[in-house]
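Now for the letters of each chain:
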Amino acid sequence: MTQAINSPALTYQPSRSLPARLERRVVQWRTASRLPGPRRPIVSFTFDDFPKSAGDTGADIVEGIGGRACFYACSSMAGIQTVSGEMFDSQDIAALTRAGHEIGGHTRSHLDCARAGLEDVLSDISGGIEDLRAMGLRDPVRQFAYPFGETGYGLKRALADRFDGARGILGGLNGPGNDRVQLRAVELDGDEDSLPRALSLLEEAMRRPAWMIVFTHDVRAKPGPWGVQPAILRKLAHAVRDAGAAVLTPSQAIDEITGGAP
Ligand SMILES: [Zn+2]
């Protein structure tokens, strides 16, 4: 399975050039669909791509505090082995949806949505959802996560009609005026700053109140480059429970925040 690990979808890095960074800044300023503010603090746990360990250990930890999570599935990764471990399959989709978790879209090919043409991106997104349907997913796909967090203003506008929420990877919380189609998130990974950063954002979410979306990839004792150890995820989950935040899937959160009409 070494071939899969080296496939372009998994080794690609978005451009770090100055024009690309400036463009990213402009895109995040241009809000496509503003959210109202939540009336109470909300936390959502989300997993990208997604590895099997997220669907079992990650889901168990979120269920342990009475919540459900969202899994953004990139369909071309189904059944393969990557640096994040073994990836999801149709049985994971069935088990997770049966338990009340949410499956979101994450494209078919994990393309950089800021670099590809709009029509190509939209057809890759639709293709990813068709693949998930062919794998047996019956729930509506209401959420989407941009691969590498990359997007553009035209795409955000197009997705505002297709999804109830689309998540990026820009750090921060979601409150009044934040973009429903470029939701902010906090990454939980092997970086030793990531748990303290998430805990301080949790405090802020409790105070404002705001909606905090946590994202990671695999959940293993020896995680890959974008994953987290179960003990770290559990610590954050317990802090969320002890703080008294509502633990909702992104669709549950958006329904609550918008009164069901985003
Ligand atoms: Zn991804």
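Structure shown above.
Bringing the packing of helix H4 (residues 52-64) against helix H9 (residues 230-243) into the picture now. The interhelical angle for the contact between H4 and H9, taken along N-to-C directions, is 25°, at an axis separation of 9 Å. Taken together, H4 and H9 sit at an angle that is classed as roughly parallel. Judged by the sense of rotation from one axis to the other, the crossing of H4 with H9 is right-handed. Residues Thr 57, Gly 58 and Ile 61 of H4 form the contact with H9, whose own contacting residues are Pro 230, Leu 233, Arg 234 and Ala 237.

What follows deals with the pattern of salt bridges. For the coordinates displayed, the defined rule picks out 12 salt bridges. For Asp 92, the salt bridge is made with Lys 52, and the minimal N-O distance between the two is 2.8 Å. Taken together, the positions of Asp 92 in helix H5 (residues 90-98) and Lys 52 in helix H4 put the pair 40 residues apart, joining distant regions of the chain. Among the residues examined, Asp 92 registers a relative accessible area of 13% and is labelled buried. Overall, the relative accessible area of 16% leaves Lys 52 in the buried class. In this structure, Asp 179 and Lys 156 form a salt bridge, with 2.9 Å as the shortest nitrogen-oxygen distance. Taken as a pair, Asp 179 in the loop between strand E7 (165-171) and strand E8 (183-187) and Lys 156 in helix H7 (residues 153-162) lie far apart in primary sequence, 23 residues in all. With relative accessibility at 0%, the residue Lys 156 sits in the buried group. The network of salt bridges with common partners includes Lys 52, Asp 89 and Asp 92.

What counts, and where the lines are drawn
- Residues numbered from 1 in each chain as written.
- Predicted model: local features only at pLDDT ≥ 70, side-chain atom pairs only at ≥ 80, totals over all residues.
- Heavy atoms only, no water.
- Axes fitted to C-alpha atoms, helices over the stretch in contact; angles between N-to-C directions.
- Helix = DSSP H or I, 4+ residues; strand = E, 2+ residues; numbered from the N terminus.
- Parallel < 35°, antiparallel > 145°, perpendicular 65-115°, else oblique.
- Left-handed = near helix turned anticlockwise from the far one by under 90°.
- Contact = heavy atoms within 4.5 Å.
- Salt bridge = Lys/Arg side-chain N within 4 Å of Asp/Glu carboxyl O.
- Buried < 20%, exposed > 50% of the residue type's maximum accessible area, 1.4 Å probe, protein only.

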